[in-house]
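# Overview (structure and organization)
Here is what each chain is made of, one letter per residue.
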Amino acid sequence: MRPVAADEVDARRLEHDLRASIKGEVRFSAGDRALYSATGANYRQLPIGIVIPRTVDDVLATVAACREHGAPLLSRGGGTGLAGQTTNVAVVIDFSKYLNRIVEIDPERRLARVEPGLILDHLRKTAEAEHQLTFGPDPSTHEYCTFGGMIASNSCGVRSVMAQFYGPGPRTSDNVHELDVLLYDGRRLQVREGTSGDPEIDRRLTELRDRYADLIRARYPDIPRRVSGYNLDDLLPEKGFHVARALAGTESTCATILGATVHLLHSPPVRSLLVLAYGGAAEAADHVMDVLEHKPLGLEGVDETLLEDMTMLGKHKQELSLLPKGRGWLLVEFGGETKEEADEKARKLMAELKKKGKDGPTGMKLYDDPPAEKHVWAVREAGLGATAFLPGKPDTYEGWEDSAVPPERLGQYLRDLGKLADKFGYESALYGHYGQGCVHARWNFDLKTAEGIETYRRFIEEASDLVLSHGGSISGEHGDGQSRAELLPKMFGEELVEAFREFKSIWDPAWKMNPGKVVDPYRITDNLRLGTDYSPPLVKTHFSYKADEGSFAHATTRCVGIGKCRRTEGGVMCPSYMVTREEKHSTRGRAHLLWEMLNGEELDLWRDEEVFEALDLCLSCKGCTSDCPVNVDLPTLKAEFLSHYYQGRLRPRTAYAFGLIDQAARIASKAPALVNFVTQTRRSATSRPSPRRRSRSGSRTGRSGTAAGAA
Ligand SMILES: Cc1cc2nc3c(=O)[nH]c(=O)nc-3n(C[C@H](O)[C@H](O)[C@H](O)COP(=O)(O)OP(=O)(O)OC[C@H]3O[C@@H](n4cnc5c(N)ncnc54)[C@H](O)[C@@H]3O)c2cc1C
Ligand code: SF4
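Residues numbered from 1 in each chain as written. Chains lettered and ligands numbered in written order. Predicted model: local features only at pLDDT ≥ 70, side-chain atom pairs only at ≥ 80, totals over all residues. Heavy atoms only, no water.

Residue placement: serine 228 occurs in the loop between α7 (199-219) and α8 (243-247). Looking at serine 228, the relative accessible area reads 0%, which means it is buried. From its side chain, serine 228 meets the backbone nitrogen of serine 475 in a polar contact 3.0 Å long. Once residues within four sequence positions are removed from consideration, serine 228 is found in contact with Ser473, Ile474, Ser475, Asp480, Leu488, Met491 and Phe492. (Helix = DSSP H or I, 4+ residues; strand = E, 2+ residues; numbered from the N terminus. Buried < 20%, exposed > 50% of the residue type's maximum accessible area, 1.4 Å probe, protein only. Polar contact = N/O pair within 3.5 Å; in protein donor to acceptor, adjacent residues only side chain to side chain. Contact = heavy atoms within 4.5 Å.)

Listed below in structure tokens is the structure:
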């Protein structure tokens, strides 16, 4: 079915109706829409408007209003989705600000009931502190990704290995017990094993399942990280007709998740980290099965290129120098009730590997210092950030960044993938969840020229042939979205893709849920954020932007949507987000708005009030320059913006007070008594400056600028 164009919906009337019917926030301004137009994926689509619900009733009313107006719908959590599933020409419901609580933890049954906007680490912290329980799959974005996003993307992580050995299974879907969902037609259902909560839907799902059962058994690869496609296999009788699991991973294309009950598992309180070195990444991968026999909690791989990239960026220098000598590494985590128990498991593995002699690792190191262990894990988690922008090298992008094969085939897959990349002239570190055959990469695609985009497309075709020839999945954790959905017929065959269509139609007969994603998708090369039209204006700037080859435009592309600035605690980035929990007051939001100001059709270059408003709360503390994995330097971008914004205009009084302090001090020193007399008056010199203006979102904004901001 054709996705709806924005102008087919009367956005003004919809906005009006939403304002009248919900307690939460309704945001349809140009800046609001621009803010939600992109994530870390290669795509950009301007939404129709944003709703930030305060209550579940707000969500019900929002869906009702969208239905009334025929508007497509999309949910959003942390906005870290990497496959283009979190952007669309739709009304976006942002669950992250208010609907983000733990409803209940039942330690006896090892279950937790959560709201969809709850951040994973918020549950993990409480469950561990109070019950020594945890949620298994932990994406690298665990500090800010939400349960809604994880369930809808079917996320995984380092501890998916733990969830595979000691819990219900490696993926988020395996760890879902029950979902509270809302359909576009207004039906609210409690979906679990055995039922969708609606007899008619059960009947149709059973009929669909029976018709396709043999094909599902034949075509679904039996590997830990099959994330591509809908989970029709969970409807099979041998899997208990688990409708909640089948609905997980549907990327907002079938239903809106209002709440979830998820499985928890015991979290061994003490961990040990063993690092194994090999002659190369593929050799390391060849040995994952030896390690898996020992049932670790995590088994990750990093290659030499990732370490070289980190070294080039001057990151984690000390930790890198302490790794055992080699050119490919396995990071193995064991757990226990005591340090001795965890270490003993690691030593047992070491003893066995030693017996392999030359066929074993070239080096082994069992860490005994928790801060050092934390740093080694940080090296692994920093992967995407460390590979995005390397000095003197072309920019890199997602697109083929989470393919997965059976772990026993990983070594050969890495060799073949390396050869394929060489053929196309692409480069990337190859690291990731080796224990489950899932490989991360970030390739230097050219997404700005027709030829480059065509080459990227050809590479994706050949890479998908390759992964399927190894019995793998085109997505091993980030989902299909738009980056991979077009390839699903290749992986599952046309008949099963027809089954996906029928599955979606059962839940969303009007096809208004996240249209153009997963099934009947936009093409991989549609809606590119860059693309052949990418031609930012050449602006004259005050700063030199050395890390961005002198380009302000490039400095605004630096944010790759990781979302670390949406952490709610820890680190120094970003204080204004921590207080407001507003996307526009995060480093990412501000960087995205500056990108939109230069390239989008909605915002005014240098004079936009909404960009001003977003930058206004930046304290210029420079927290982002050190904490942000790709070193977005917001204070510099803010100073640049303000200098243009104020060109030919009066600045706030505070700016003159600070900016001219040297001259004022010189004059004051000539008549100190007079100055002391004047400055001891009761009235403060730092009162709010200048006129107030109405922003496009309708709010009133002042013009206080910080000293650095007014530079
Ligand atoms: C640097 C980086 C590292 C990453 N590492 C990992 C990793 O290790 N493992 C991994 O699995 N993923 C990883 N990801 C991808 C991403 O972080 C995960 O998929 C994450 O779980 C998404 O959560 P979110 O809250 O940000 O979701 P969002 O991006 O907000 O949403 C993701 C999808 O879920 C849907 N959705 C959100 N809320 C709801 C709801 N209430 N109802 C219905 N649908 C909803 C959205 O519409 C969208 O389709 C990484 C991403 C980045 C940028
Ligand atoms: S400099 Fe601004 S954007 Fe960066 S962390 Fe500080 S307040 Fe946030």
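Let's shift gears to the pattern of salt bridges. Close approach of charged atoms allows side chains with opposite charge to pair. Per the stated rule, a full pass over the model turns up 59 salt bridges. Note that aspartate 526 is salt-bridged to arginine 523, the shortest N-O span being 3.0 Å. By relative accessible area, aspartate 526 is classed as buried at 18%. Beyond isolated ion pairs, a larger network of salt bridges with shared partners links Asp121, Arg124, Asp138, Arg159, Arg271 and Glu333. (Salt bridge = Lys/Arg side-chain N within 4 Å of Asp/Glu carboxyl O.)

Now for the pairing of strand β14 (residues 328-336). Along β14, nine of the nine residues are buried, which leaves the element largely enclosed by surrounding structure. Of the two faces of β14, the one carrying Gly328, Leu330, Val332, Phe334 and Gly336 and the one carrying Trp329, Leu331, Glu333 and Gly335 are both buried. Bridge analysis of strand β12 (residues 270-278) against β14 gives nine bridges, and the strand direction is antiparallel. By the bridge assignment, valine 270 is partnered in β14 with glycine 336. (Pairing = 2+ DSSP bridges.)

This part covers the nonpolar core. The biggest cluster of nonpolar side chains holds 155 residues, and the ones touching the most others in it are Trp400, Phe459 and Phe503. Core analysis: the second largest hydrophobic core is formed by 24 residues, Val9, Cys66, Leu73 and Leu99 among them. (Core = buried A, V, L, I, M, F, W, Y, C linked by side-chain atoms within 4.5 Å.)

It is worth spelling out the site of ligand 2 at this point. Taken together, 13 residues lie near ligand 2, and Cys574, Arg590, Cys618, Cys621 and Cys624 sit nearest. Those elements that provide at least two residues to the shell around ligand 2 are α22 (587-599), α24 (623-627) and α25 (634-645). Its residues assigned to classes, the shell around ligand 2 comprises nine nonpolar, two polar and two charged. (Near = heavy atom within 4 Å. Nonpolar A, V, L, I, M, F, W, Y, C, P; charged D, E, K, R; others polar.)

Turning our attention to helix α13 (residues 339-354). The first and last C-alpha atoms of α13 sit 22 Å apart over 16 residues, in line with the 22 Å expected at 1.5 Å per residue. Listed in full, the buried residues belonging to α13 are Ala342, Asp343, Ala346, Leu349, Met350 and Leu353. The buried side chains of α13 occupy one side of the element, clustering within an arc of 120° when seen end-on. Opposite its buried face, α13 presents the exposed residues Glu340 and Lys348, each directed more than 90 degrees away. Against the buried residues of α13 lie β12, α10 (288-292), β14 and β15 (363-366). (Expected span 1.5 Å × (residues − 1). Arc of directions from axis to C-beta.)

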